[in-house]
Amino acid sequence: MALVPWWAAWPFETLILPKRAVSGLDELSEAEQLGLADILGRMTATYDRLFQVSFPYTMGLHQRPVDGRSEDGFVLHGHFFPPLLRSATVRKFMVGFEMLAMPQRDLTPEAAAERLRALG
């Protein structure tokens, strides 16, 4: 599933989560792998439609560490951090203050989620 978390610090930030708690990509069933590919494709296409441009983004997947220790409770998840604000010409780049102190947000997560839902 994809959602805009209430704690989103970046405009149009989304979180990708499995519907079943798994700690790594290797634990996904074939159907879940296809579902992940589908949701990633739909998310990137929705971002492209948002401002009618090829939408730049940073995406990262977090899975359990591979150091051999048990990581009970860890859930695979992914983040999209697009650098566009209200239009294709207004970019936002994280700076030291935002990374280490308080994020600066001019669009609420709820407003971003509403706009993404309308296009998805």
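Residues numbered from 1 in each chain as written. Predicted model: local features only at pLDDT ≥ 70, side-chain atom pairs only at ≥ 80, totals over all residues. Heavy atoms only, no water.

Draft legend 1. Representation of the side chain of serine 23 within the structure. Counting through the fold element by element, serine 23 comes out in the loop between strand E2 (14-16) and helix H1 (30-50). A polar atom in the side chain of serine 23 sits 2.9 Å from the side chain of glutamate 27. Once residues lying within four places of it in the same chain are set aside, the contact partners of serine 23 are Gln63, Arg64, Phe74 and Leu76. (Helix = DSSP H or I, 4+ residues; strand = E, 2+ residues; numbered from the N terminus. Polar contact = N/O pair within 3.5 Å; in protein donor to acceptor, adjacent residues only side chain to side chain. Contact = heavy atoms within 4.5 Å.)

Draft legend 2. Seen up close, the pairing of strand E4 (residues 77-81). Of all the five residues making up E4, four are buried; the element is thus mostly covered by neighbouring parts of the structure. Pairing analysis gives three bridges linking E2 to E4, with the strands arranged antiparallel. Paired with leucine 15 across the two strands is histidine 79, which belongs to E4. Note that strand E3 (residues 58-62) and E4 share five bridges and pair antiparallel. What sits directly across from methionine 59, in E4, is phenylalanine 80. (Buried < 20%, exposed > 50% of the residue type's maximum accessible area, 1.4 Å probe, protein only. Pairing = 2+ DSSP bridges.)

Draft legend 3. Expanded view of helix H3 (residues 109-119). Regarding H3, the residues found buried are Pro109, Ala112, Ala113 and Leu116. Buried residues along H3 cover an arc of 100° about the axis, so they all sit on one side. In H3, the exposed residues that point more than 90 degrees away from the buried face are Glu110, Glu114 and Ala118. (Arc of directions from axis to C-beta.)

Draft legend 4. Fine view of the nonpolar core. Core analysis: the biggest nonpolar cluster contains 20 residues, and Phe12 and Tyr47 have the highest contact counts within it. Elements with a minimum of two residues in this core: H1 and H3. In terms of residue count, H1 provides more of this core than any other element does, five residues in total. In this structure, phenylalanine 12 is in contact with Tyr47, Leu50, Phe51, Phe80, Pro82, Leu84, Leu85, Leu107, Ala112, Arg115 and Leu116, ignoring residues within four places of it in sequence. (Core = buried A, V, L, I, M, F, W, Y, C linked by side-chain atoms within 4.5 Å.)

Draft legend 5. A look at the confidence of the model for the chain. Across the chain, the average pLDDT comes to 83, with 87% of residues at 70 or higher. Mean pLDDT in the chain bottoms out at helix H2 (residues 96-100), which sits at 49, and peaks at strand E1 (residues 2-3), which reaches 94. (pLDDT = per-residue confidence, 0-100.)

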